[in-house]
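# Residue-level structure breakdown
For reference, the chains in residue letters:
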Amino acid sequence: MQQYGKAIEVLKSGLVAEGDLDEIYLNLGYKYRTARRYLEAQDAFRNALKITPNYPEAKVAMRDVNSALVTLMASSSEAAFTPEGKS
């Protein structure tokens with residue numbers, strides 16, 4: 001997990017540079033997603049799409065993260081209503 005943290009910091013430092021910020025946001029989103037930091041991944045992909053609205057990779061990645069968040073919310077809702085010891 002520490003490797004992802006270092007990669008995230010390197011990518012974040014690239015945001016102050018000039019260049020392909022949409023790609024930096026995309027790669028930052030990928031790292032957040034891999035580290036299961038889905039809300040941060042969602043923000044990164046959203047920023048990539050603000051810069052390049054038809055960025056295919058960012059659109060796919062955003063759908064991926066949104067799906068993961070829905071699944072997580074559904075599983076936590078189910079856990080909240082499942083009696084202890086029963087699944």
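Check the entry above for the structure.
Residues numbered from 1 in each chain as written. Predicted model: local features only at pLDDT ≥ 70, side-chain atom pairs only at ≥ 80, totals over all residues. Heavy atoms only, no water.

### Quick word on the side chain of D22
Note the following rule: Each helix is a run of H or I in the DSSP string that is no shorter than four residues. Each strand is a run of E no shorter than two, and both are numbered from the N terminus. N or O atoms within 3.5 Å of each other form a polar contact, as long as, within protein, one can give a hydrogen and the other can take it, and as long as residues adjacent in sequence are counted only when both atoms are side-chain atoms. Residue contacts follow a heavy-atom distance rule, with two residues in contact if any of their heavy atoms lie within 4.5 Å.
Relative to the helices and strands, D22 resides in helix α2 (residues 21–34). Side-chain polar atoms of D22 contact the side chain of T52, separated by 2.7 Å. Those residues within four positions of D22 in sequence are excluded, and the remaining contacts are A48, I51, T52 and Y55.

### Topic: the nonpolar core
As a reminder, the rule being used: Put simply, buried Ala, Val, Leu, Ile, Met, Phe, Trp, Tyr and Cys residues joined by side-chain atoms within 4.5 Å make one nonpolar core. Residue exposure (1.4 Å probe, protein chains only): buried if accessible area is under 20% of the type maximum, exposed if over 50%, otherwise partly exposed.
Membership of the largest hydrophobic core comes to 18 residues, with the highest contact counts inside it found for L26, L28, Y32, F45, Y55, A58 and V65. Elements with a contribution of two residues or more to this core: α1 (2–14), α2, α3 (38–51) and α4 (56–81). Sort the elements by how many residues they give to this core and α3 lands first, with six residues.

### Topic: unusual backbone geometry
Here the phi dihedral of R36 falls at roughly 60°; this positive angle occurs in a residue that is not glycine. Examined against the element boundaries, R36 turns out to sit in the loop between α2 and α3. Of the residues examined, R36 reaches a relative accessible area of 66% and is grouped as exposed.

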